[in-house]
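Survey of secondary and tertiary structure
Chain by chain, the residues:
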Amino acid sequence: SSGINAEYGYYITNNLSFIMGNEQGSVLNREPLESPCKVTWSKYDTVQINGREGHASATMCNKVYIYGGLGSEECLYELAVLDTDDGSFKEIQVHEQKPGPLCNASLTSIGSKLFLFGGLNRETGWNNDIWSFDVEFGKWAKLTATGIKPSPRDKHTAVRWGTKIVIYGGFGPATEADLLEDSEDEGEEGVQFTWFNDVFIFDPENNSWEAPNVAECIGMMPRAAHSATIYKDRMIVFGGKGSKARSQDLYVLDLGTLGWSIFKDTGARPLPSSFHSATQCGQFMIIYGGRLNDNSHSSQLNVLDCETGGWYDPVEGESPAPRGQCTLSMLGDGRLVMFGGSNKFDMFLQCCQEYDTKVYYLNCNELKSVKIPEPVPEAMESADISVNQQYDLSNPSNVTNDAMEDKCTDGKTDESGDVMLAGV
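Here the structure is a predicted model, which means the values were calculated and not measured.

Turning our eyes to something else, we now look at the pattern of salt bridges. Applying the stated rule across the entire model yields 13 salt bridges. In this structure, Asp198 engages Arg153 in a salt bridge whose closest nitrogen and oxygen atoms are separated by 2.7 Å. Here Asp198, found in strand E21 (residues 193-203), pairs with Arg153, found in the loop between strand E18 (146-147) and strand E19 (157-161); they are 45 residues apart in sequence, far enough to count as distant. Classification of Asp198 by relative accessible area gives partly exposed; the value is 24%. Here Arg269 and Asp265 are joined by a salt bridge, their closest N and O atoms 2.8 Å apart. One continuous salt-bridge network, built from bridges that share partners, spans Arg30, Asp265 and Arg269.

If you check the backbone angles, Ala225 has positive phi at about 55 degrees while not being a glycine. Within the element layout of this structure, Ala225 appears in the loop between strand E22 (208-210) and strand E23 (227-231). Of note, Asp233 is a non-glycine position whose phi angle comes to about 60 degrees, a positive value. Of note, Asp233 is situated in the loop between E23 and strand E24 (234-241).

Looking now at the sheet that holds strand E12 (residues 106-110). Reading across the sheet, the four strands line up as E12-E13-E16-E17 and stay open at both edges, with antiparallel pairing between neighbours. Across the chains shown, the open sheet's two edge strands, defined by having one partner strand only, are E12 and strand E17 (139-142). The average undirected angle you get between the axes of adjacent strands in this sheet is 25 degrees. Relative to strand E16 (residues 130-134), strand E13 (residues 113-117) is paired through five bridges, and the arrangement is antiparallel. Looking across to E16, one finds that Phe117 is bridged to Ile130.

Definitions and cut-offs
Residues numbered from 1 in each chain as written. Predicted model: local features only at pLDDT ≥ 70, side-chain atom pairs only at ≥ 80, totals over all residues. Heavy atoms only, no water. Salt bridge = Lys/Arg side-chain N within 4 Å of Asp/Glu carboxyl O. Helix = DSSP H or I, 4+ residues; strand = E, 2+ residues; numbered from the N terminus. Buried < 20%, exposed > 50% of the residue type's maximum accessible area, 1.4 Å probe, protein only. Pairing = 2+ DSSP bridges. Axes fitted to C-alpha atoms, helices over the stretch in contact; angles between N-to-C directions.

As structure tokens, this is what we get:
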């Protein structure tokens, strides 16, 4: 038999089956900050789409393009578009060359084109193909790119950085280098799959891949089913799942210096989760949902003010149902659109039992910068990094007592393996 439950990390493809690690790591609990604003979820009553999880989305103007996902135990492959102005939803019929059914791939928009990378197909497994779709002419093209490309994977992140695409992490077949690195690990005989911690940059202008030499951060685990956004030439990564546990750690990659750092934050960070969704709206990183350590799902929306480092929850009123593997899409007019996802995980069947078919939105123009309380001198617990000073991201040279980052190369690890900044 063959099938996929990419939501939990459990796969059966031909005669192969295995389960991703699900141990529980330490949990960081902090007092929430007072929200400086309130936003309310609304629903597109006239729009209903076939439920799915693990699909990919990208926006152009006020349209949301959706590809793939897993629904009703089948991988979906159609490209569809939701026009949020008139509420219409339609599949885009392409009869020529096109990608196959995929789940947990990534879709990124640049100009008038969509770029689809990676993903998992229930018949052929993982892939590292990159396709472009010309929205104007309605045609797919499989790109032949130069340079060092990522190995086959799914559950990675892909973020637009100017005219380029940055790929990070994911899960898939181990490369020869991965196998050599893990050869001394006990109990790993026969394992041919791994979690990734690598970074790749794709340049659509000349169809080229780059595998930059990135300075590692002490204690940063390889991961999949995490989230990533871009703010001021920095890629911010939250959570995800590695070989042992879901996490709630928060890192930042400076794409100028190619160095990882811990993002210093304050307020109530989201709980350890995988398969949550994230997007960026100006200075605010927005995270919704995800699967928690007890395999339940979250319905909380968390906002990180990237200028002050403060987390807050601005939602008032009823929230959509808890879920993982939905998509968040930021429109040009400031609306945040959420679609799909799954809930009610069955441990025996290793899959979720509910797929959401509704489309929700809220107005992110109402988000405001959060006030940070005065510094507290007490040492923070475990993975917590003390943050109370503001940091101006327009001045990256200011790295003294900044709220954004301290270089991990200047840090040390505590007993939990988390990086603690020198002098904190």
